[in-house]
Every structure is written in structure tokens, then in C-alpha cells.
Amino acid sequence: MLYGEQSKDVQKEELKKAMQSFASALELIQHGILYNKPWEMRKGAQLLDRSSKDFVERHGDALVYHMPDDPKFARSYAKYTALRIRDNIDKLSSSLGGPKDYSNTAAYYAHILNECVGCHQKIRQW
């Protein structure tokens, strides 16, 4: 069965699991920043990187359920947001190779979090 042929409930559940994976990755990064643990930041960045690959392709149908009046916008906005998130994941990961000044890492983390919040505000119906 193709993804597009899955039931609405199954698609929503898979999207929920993906979002929980994002939240877990962000928690690891934040904890690593707060407690000076670069290995946790790196682990969180890796998890976020894996979880975000092909996100819109895998979950685009479920995203449309949150914005049925403009599904084209939902996909387009989510895809653009995913690109910005992935760019900041790369920058965050690169910042971990330098000196133990985590201000850049924290800034990239904040950018990622802001992208997540922005997408939720635009696409999710409350």
C-alpha cells in the first residue's frame, strides 16, 4: 500500500510520531546546551537530521488535513520550513566542532525552534 493510500488516522498517527521524534531531538540539544554536554547536542542534532529528511514527502498528506482549505500552501510552507530547519541543523552541527562556546549552537537551536513554532502557527488549526 502506498503512503497516500493509508487512512487519515494512520497518516495522522505517523505525523504525530515524527513530531514526537523532533521534540525528543530538540530536548537533547537543549539539555546539552544547558549542561555543557556536546555529545548530547550532537546526538540531538543527528536525531533531528534523520527525522527531518524527506519529512514533507513522507507526511505531506497528513499536513494537508490540518489545512484543508489550502493544501498547496500547506505543502509549500512545510517544505520551505523544512529546508530552513535542515540548514540550521547543519550550522548547529558545525558549531559543535569548535571551541566550547555554545552561544552559536544555542542561536541555531533557537532558529530551529522558531521555525517549528512558525510552521505550527501557520498550518495547524487549533
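Residues numbered from 1 in each chain as written. Predicted model: local features only at pLDDT ≥ 70, side-chain atom pairs only at ≥ 80, totals over all residues. Heavy atoms only, no water.

1. So, the environment of Val117
Inclusion rule: Every helix listed is a DSSP run of H or I at least four residues long, and every strand listed is a run of E at least two residues long, numbered separately from the N terminus.
Along the polypeptide, Val117 turns up in helix H5 (residues 103-123). Each C-alpha atom, one on Val117 and one on Asp61, is 20 Å from the other, the two residues being 56 residues apart in sequence.

2. Describing the state of the cysteines
Rules: Whenever a pair of cysteine sulfur atoms sits within 2.5 Å, that pair is classed as a disulfide. Remark: exposure states derive from per-residue accessible area (1.4 Å probe, protein chains only) relative to the maximum for the residue type, with buried under 20%, exposed over 50%, and partly exposed in between.
Counted by the stated rule, this structure contains zero disulfides. No disulfide involves Cys116; its sulfur sits 8.0 Å from the nearest other cysteine sulfur, which is in Cys119. By relative accessible area, which is 17% here, Cys116 ends up buried.

3. Digging into the pattern of salt bridges
Note the cut-off: The salt bridge criterion pairs a side-chain nitrogen of Lys or Arg with a carboxyl oxygen of Asp or Glu, the two atoms within 4 Å.
Scanning the entire structure with this criterion turns up six salt bridges. Asp49 serves as the salt-bridge partner of Arg86, at 2.9 Å between the closest nitrogen and oxygen. One end of the pair, Arg86, is in helix H4 (residues 71-95); the other, Asp49, is in helix H2 (residues 38-52), and 37 residues separate them in sequence. Using a relative accessible area of 22% as the deciding quantity, one classes Arg86 as partly exposed. For Arg84, the salt bridge is made with Glu115, and the minimal N-O distance between the two is 2.5 Å. Separated by 31 residues along the polypeptide, Arg84 in helix H4 and Glu115 in helix H5 bring together distant segments of the chain. By relative accessible area, which is 22% here, Arg84 ends up partly exposed.

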